[in-house]
Amino acid sequence: VNPINPNIKSLIFVSAYGELSIIEVRSILKENISKIEKICDSTYEIQLSNPSPKELKQISSCHKIGCIIYRNQDKIFSDKLVEELEYSKKKNFSISLYCSGDPERKYRMLTEGLLDFCRHNHIRKLRLIRPSRGHEMRAEDIASREIFDLMFVERGPETIVGFVTHVHDFRDFHYRIAKRPQHDQTIEMSARLARTLVNIASLQRGETLLDPFCGSGTILGEAILLGINCIGIDLNPRKVSESKRYLDWIASQYSRTKVGSYKLIVGDARSLKKILPDKKVDAIVTEPILLPPYTRTPSYNEAQESLQRSRSIYSDAIKAMTWVLKDKGRLVIVTPEIRVKGGHTLTLELDQEIKKSGLTPILSETGKEYFRLDSQSTRWVNRNVYIMKKI
Ligand SMILES: C[S@@+](CC[C@H](N)C(=O)[O-])C[C@H]1O[C@@H](n2cnc3c(N)ncnc32)[C@H](O)[C@@H]1O
């Protein structure tokens, strides 16, 4: 969106998937990160030892990434802000506020204060664009309306001030959702989430990724676009043909990208030893879920029974997947969380399976073995993500 200042090594990162986004950031930027610190809600400060815009572009689960211009405790508006506003060639600017507690009132004060500040400093050419709702300009609007978005992030008594340099590539993700040859809304994951999970698997071009519950091939599609070779397996032959059709479509639409190869097999994910007897894969990314399609809120007992059936398939498949995974390879697996009558939730937890398999989970900040995603898969089912490594 805006050129990144090569001397600025501190970034503001607004995440789409909370802590899971931070795992994606760590998987992409690796040793380049010298520090990551949560500021508030979904906003983090990331310090890099060597900023590299090319790598930042690969992060799919950011809403926005911004450069930090300055941080201040007593004066929110500084002369450095005048420089940046004048330096920006854009006519439209906006304000996004990240804070805890009464954002509406703070946002009003911030807007009035900034307009006064601009008048006082004779910055006249700029036009303030207000977000259609809330106190944050949407990434889509920033890119499509060419807006210079100023970010104000509160950390205790301090305000961190920056401007947006990157937004996620929503046009490309949207294209794959809108134009793919067919849809199966009951099971399909978004291309963006699939890309995040593939990035977390930490593969290089030419390495092999397996999705043994591939459905319509969304995860495989994101992987081949990164030059990763893929194997997709599904019990249902119709799903295997849908995957094939989707991957052929990707290969034809992105003919200028050197896409990875793909092989699709009808088979049972619990029998990987038979299906791939001589093959070891570099990573596995998959979303089995395996619940009946609910048409109303399930009762506690209904959900419990479904989870039990699903658990037994997860359990056998994890054994098989551990066998086929190379040492140091990652297994990224999505599990369901069901909302039941009375407002409770039931979660498919894999702690026993992890212990038995000998895989090492990447833990969340609160010590949990999975990362909770708020993006729903259906009205009653949410996703959790386990990330495990074969040591
Ligand atoms: C939730 S869907 C995967 C959706 C996929 N992520 C997508 O975006 O299209 C799970 C898939 O697992 C398949 N499946 C169920 N049991 C299986 C088994 N034992 N082995 C392999 N595939 C299985 C189903 O046919 C279904 O297509």
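All of the points below concern the structure found in this document. Counting of residues starts from 1 at the beginning of each chain's written sequence and follows it residue by residue. Reporting of local features is limited, given that this is a predicted model, to residues whose pLDDT is at least 70; pairs of side-chain atoms are given and counted only at 80 or more, and all residues count toward the totals for whole chains, interfaces and linings. Note that the side-chain values use all heavy atoms of the structure and ignore hydrogens as well as water.

### Details of the layout of surface pockets
By volume, the largest pocket is sized at about 830 Å³. Along the walls of the largest pocket sit 36 residues, with Ile 187, Glu 287, Pro 288, Ile 289 and Leu 290 positioned nearest its centre. Numbering of helices and strands runs from the N terminus, with a helix taken as a DSSP run of H or I at least four residues long and a strand as a DSSP run of E at least two residues long. Mapped onto the lining of the largest pocket, the elements with two or more residues apiece are α8 (218–225) and β17 (381–389). Polar here means any residue other than Ala, Val, Leu, Ile, Met, Phe, Trp, Tyr, Cys and Pro, which are nonpolar, and Asp, Glu, Lys and Arg, which are charged; Gly is therefore polar. Looking at the lining of the largest pocket residue by residue, the classes come out as 18 nonpolar, 10 polar and eight charged. Grid points spaced at 1 Å and placed over the protein atoms alone form the basis of the search, with a cavity being a set where a 1.4 Å probe fits but cannot get out and a pocket an open set showing protein on both sides within 12 Å along at least five of seven lines. Lining residues have an atom within 4 Å of a point. Grid points are joined across faces, edges and corners, and a volume is the space filled by probe spheres set on the points. Volume-wise, the second largest pocket comes out at about 500 Å³. Taken together, 22 residues line the second largest pocket, and the ones lying closest to its centre are Lys 57, Gln 58, Asp 169, Asp 172 and Arg 195. Those elements that provide at least two residues to the lining of the second largest pocket are β4 (62–72), β8 (158–167), α6 (170–179) and α7 (191–200). Each residue belonging to the lining of the second largest pocket can be placed in one class, and the counts come to 10 nonpolar, seven polar and five charged.

### Some points on the site of the ligand
The rule for a residue being near a molecule or strand is that one of its heavy atoms must lie within 4 Å of it. As a matter of local geometry, the ligand sits amid 21 residues, with Met 189, Ser 216, Thr 218, Asp 234 and Ala 269 nearest to it. Between Thr 218 and the ligand, the recorded distance is 2.9 Å, taken from a side-chain N or O atom to an oxygen atom. In isolation the ligand has 610 Å² of accessible area, and contact with the protein removes 90% of it. More than half of a molecule's atoms within 2 Å of the grid points is what it takes for that molecule to sit in a cavity or pocket. Applying the majority rule of atoms within 2 Å of the grid points places the ligand in the largest pocket. Counted by class, the shell around the ligand contains nine nonpolar, six polar and six charged residues. Distance and chemistry together define a polar contact, namely a pair of N or O atoms within 3.5 Å, with one atom able to donate a hydrogen and the other to accept it when in protein, and with adjacent residues in sequence counting only for side-chain atoms on both sides. In this description, accessible areas are obtained by the Shrake-Rupley approach with a 1.4 Å probe, and a residue is regarded as covered only by the protein chains that are shown.

### What to know about the packing of aromatic side chains
Stacked, tilted and edge-to-face are the three classes assigned to paired rings of Phe, Tyr and Trp, where Trp is represented by its six-membered ring and a pair needs centres within 6.5 Å; plane angles under 30 degrees give stacked, over 60 edge-to-face, the rest tilted. Scanning the entire structure with this criterion turns up six aromatic pairs. Their ring planes at 50° and their centres at 5.5 Å tell us that Tyr 370 and Tyr 386 sit as a pair that is tilted. With Tyr 370 in strand β16 (residues 370–376) and Tyr 386 in strand β17, the pair connects residues that are 16 residues apart, well separated along the chain. Only protein chains enter the accessibility calculation, which uses a 1.4 Å probe. A residue is then buried if its area is under 20% of the maximum for its type, exposed if over 50%, and partly exposed in between. Overall, Tyr 386 belongs to the buried group, its relative accessible area being 1%. Taken together, Phe 77, Phe 117 and Phe 152 form an aromatic cluster joined through their ring pairs. Put simply, a charge is over a ring when the Lys NZ or the Arg CZ is close to the ring centre, within 6 Å, and near the line of the ring normal, within 35 degrees. Between the NZ or CZ atom of Arg 180 and the centre of the ring of Tyr 246, over which it lies, the distance is 3.7 Å. Sitting above the plane of the Tyr 17 ring, Arg 192 keeps its charged end 5.9 Å from the centroid.

### As for the pairing of strand β13 (residues 325–339)
It is a general feature of regular strands that their side chains alternate between the two faces of the sheet. The element β13 is largely enclosed, with a buried count of 11 among its 15 residues. For two strands to pair, DSSP has to find at least two bridges joining them. One ladder, built from five bridges, connects strand β12 (residues 281–286) with β13; its direction is parallel. Pairing of Thr 286 across the sheet is with Ile 333, part of β13. With helix α11 (residues 300–324) bridging β12 and its parallel neighbour β13, the resulting β-α-β unit is right-handed. Both β13 and strand β14 (residues 345–347) contribute to a ladder of three bridges, which runs antiparallel. Note on β14: the bridge partner recorded for Glu 337 is Thr 347. Here is how to tell: hold the view so the strands point away, follow the path from the first strand over the helix to the second, and if it runs clockwise the crossover is right-handed.

### Digging into the sheet that holds strand β2 (residues 33–40)
Taken in spatial order, the eight strands of this open sheet run β2-β3-β1-β4-β8-β7-β5-β6, and their pairing is mixed. On the outer flanks of this sheet lie β2 and β6 (127–128), each paired with one strand and no other. In the sheet, strand β7 (residues 147–155) pairs with β8 via six bridges, with the strands oriented antiparallel. Among the inter-strand pairings, Val 153 is bridged to a residue of β8, identified as Ile 160.

On their own, these measurements won't tell you what the molecule is for.
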